[in-house]
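Residue-level structural notes
One letter stands for each residue in the lines below.
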Amino acid sequence: MMALRASYSSIDRGKNLAWVQGQVDYALRTTGRSFVCGVGTGYPKQPHHRSASCPNMPAACGWDQFYSTAASPQALTGALVGGPPNGDGTYVDLRSDYVSNEVAVDYNAGFTGALAGLVALS
């Protein structure tokens, strides 16, 4: 977000925007897959999100559904997961792996801000 903020000034505007675009591209495609649910190629199908793993009501929802290897029955389209834990590109789409697959507000907020900033500054 600081790179976007710096882009509002003339200080390295192009360099800052290119860096932000690179980060967004990484989340969406440059590794050959997307880390955003429902977007792009090879996107996450098992985000670590309790209600996403639940079947439609009135069906029961418990740990059996959470640990299922099937894709989540409830889509979280647009939600960013944690991605590779070591930055080396190694990623496993496994619901129980909260480090790689959690859908958390902190990085989703930053990602949304980065997208909005790129649109506003483009």
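The structure under discussion appears in the preceding block.
Bear in mind the structure is a predicted one, so any value in this text is a computation, not a measurement.

The tally for this structure, following the rule as stated, stands at 1 disulfide. No disulfide involves Cys37; its sulfur sits 15 Å from that of Cys54, the nearest cysteine. The buried category is assigned to Cys37, whose relative accessible area is 3%.

Turning our attention to the packing of aromatic side chains. With the rule as written, the count across this model stands at 5 aromatic pairs. Considering the side-chain rings of Phe35 and Tyr91, the 5.2 Å spacing of their centres and the 80° angle between planes classify their relative orientation as edge-to-face. Pair noted here: Phe35 is in the loop between helix 2 (13-28) and helix 3 (63-66) and Tyr91 is in the loop between helix 3 and helix 4 (98-101), with a separation of 56 residues, a long-range link. The buried category is assigned to Phe35, whose relative accessible area is 2%. Connected via pairs of aromatic rings, a cluster forms that spans Tyr26, Phe35 and Tyr91. Against the face of Tyr43 rests Lys45, its NZ or CZ located 4.2 Å from the ring centre.

What counts and how
Residues numbered from 1 in each chain as written. Predicted model: local features only at pLDDT ≥ 70, side-chain atom pairs only at ≥ 80, totals over all residues. Heavy atoms only, no water. Disulfide = S-S within 2.5 Å. Buried < 20%, exposed > 50% of the residue type's maximum accessible area, 1.4 Å probe, protein only. Phe/Tyr/Trp six-rings, centres within 6.5 Å; stacked < 30°, edge-to-face > 60°. Helix = DSSP H or I, 4+ residues; strand = E, 2+ residues; numbered from the N terminus. Lys NZ or Arg CZ within 6 Å of the ring centre and 35° of its normal.

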